[in-house]
Amino acid sequence: MAEFSNQGELSTTGTVLLTGGLSTIALDKLSILRFNNPLAYNVQLYKYEALSTTTTLIYDLTLSAGDTLTDNLTYALNNGDQIIAYSNILGTSYYTYGITY
Amino acid sequence: MQVVDINGNVFGAGLEVTGPDGKPKTISGGGGPTGPAGGDLSGTYPNPSVVWNNGTSTYGLLYYPLSTNPSGFITASALTPYLTITLAASTYYPIPTGTVSQYIRGNGTLATFPTIPTITPAALTKVDDTNVTLSLGGTPSTSLLQSTSLTLGWTGTLADSRITSAATWNAKQNAITLTTTGTSGASTLIGATLNIPQYSGGGGVTQIVAGTNVTISPVGGTGIVTINSSGGGGGTIIKLTAQTLSSAGWILVSGFYTYTFSNVNITVNTRVDFTPNNTAYLEVTTCGMQTQVTVSAGSCTFFSLFPPQTNITGEITIFPT
């Protein structure tokens, strides 16, 4: 088990925030997501399921300049699953916190 | 707090948006407004629930363009109360109803058209020139407000450029035909034919007038004309006998002694001779009297080399020349 935290800038073509690994103990989890941009921006969050090879839109939010979006939901990922975030403009910073096994 | 995304997905607690000031922002109900927010709630609201200030729902509020009045809500009776207020009355003037002989003036009042006076037409007339005429077309007798006349005239000499292009004019010379019909009468130019009769004898002379001491026959008609002299043949020789050239009348002029003899019959066209009597022959030879006699109107002059000492008598003859 290992906790992790990452930060960076979202790509307008999609940024993989976490990919689930192969573990027999527990599922990998992404617990905290934070996004911010000094300009008005849009954030889309998708979950890719490897088993069905389908991608599901979790939310699509339009935010004002300077807004910070905090997502405290916990996303559990099977092996190969991914959490992918998109921003419509550059300059959207992100922070993630989670646990992998 | 419940979060619903634009697709209607509902999320539970755990998703939160905070503004630049760090204060939480409500994102429920389809998301926050876009566009400027103000005290009058300007902006776009996806699912607004707006009521009138009396609590009545505005759910049935419609967009209603006044220009097309699609449902006929706007009626004259509905507008009448509003158009009678002072401001409306000063802006929208009702169109008054007049008669067919009236018009609306600038101040909105009616006025009757003035009577249009009847016009008596006047004539356009013309006065032709001898060679230049003018035709008035249409209805010249009633064409004008005031009578007017046109008088044509001719000024100056016709320019060559006005006639040189006329083939008929240029061909006139060659177009005249000369004939010589007849032997008497006046020459004629009729049309393009010039006739000159072939005269004989008198060559066309129609009258001959005889002068003094001349007779002509015949005086008219045809034939040979005869001219005869009558009387003295046009002049008379005058002989003056027993004339005396006084010895005291001789005057020395330019080396000769001269004697002037006056007689009304003497003219510049006459010749004067002097024939001395036998008794005067000696004196004539002694004084060297010359044969030259000069004449002038009314007198003649005799010449001698020496002054005669006695009177010279003789005969003076005046010849017409």
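Residues numbered from 1 in each chain as written. Chains lettered and ligands numbered in written order. Predicted model: local features only at pLDDT ≥ 70, side-chain atom pairs only at ≥ 80, totals over all residues. Heavy atoms only, no water.

A. Main features of the environment of Lys-126 of chain B. Residues and elements named next belong to chain B. Relative to the elements of secondary structure, Lys-126 occurs in strand β7 (residues 124-127). Lys-126 sits in the partly exposed class, given a relative accessible area of 31%. Separated by 10 residues in the primary sequence, Lys-126 and Leu-136 place their C-alpha atoms 8.0 Å from one another. Excluding residues within four positions of it along the chain, Lys-126 makes contact with Leu-134, Leu-136, Ser-149 and Leu-150. A distance of 2.8 Å separates the side chain of Lys-126 from the side chain of Asp-128, its partner in a polar contact. A distance of 2.8 Å separates a polar atom in the side chain of Lys-126 from the backbone oxygen of Leu-134. (Helix = DSSP H or I, 4+ residues; strand = E, 2+ residues; numbered from the N terminus. Buried < 20%, exposed > 50% of the residue type's maximum accessible area, 1.4 Å probe, protein only. Contact = heavy atoms within 4.5 Å. Polar contact = N/O pair within 3.5 Å; in protein donor to acceptor, adjacent residues only side chain to side chain.)

B. Highlighting the nonpolar core. Leu-17, Phe-35, Leu-45, Tyr-59 and Leu-69 of chain A are the most contacted members of the largest nonpolar core, which totals 22 residues. Listing elements by their share of this core, those giving two or more residues are β2 (15-19), β3 (28-36), β4 (41-49), β5 (54-63), β7 (75-77) and β8 (82-87) of chain A together with β3 (15-18) of chain B. For this core, the element with the highest residue contribution is β5 of chain A, accounting for 4 residues. When neighbours within four sequence positions are excluded, Leu-17 of chain A is seen to be in contact with Asn-6, Leu-10, Leu-30, Leu-33, Phe-35, Leu-45, Ile-83, Ala-85, Tyr-94 and Thr-96 of chain A. (Core = buried A, V, L, I, M, F, W, Y, C linked by side-chain atoms within 4.5 Å.)

C. The arrangement of the interface of chain A and chain B in detail. At the interface, 16 residues of chain A touch 14 residues of chain B. The largest contributions to the chain A side of the interface with chain B come from Asp-60, Asp-67 and Leu-73 of chain A, which together make up 28% of the buried area. Across the contact surface, chain A and chain B share 0 salt bridges. Run the count over chain A and chain B and you get 1 residue pair in polar contact (both at pLDDT 80 or more). (Buried area = accessible area lost by both parts, 1.4 Å probe. Salt bridge = Lys/Arg side-chain N within 4 Å of Asp/Glu carboxyl O.)

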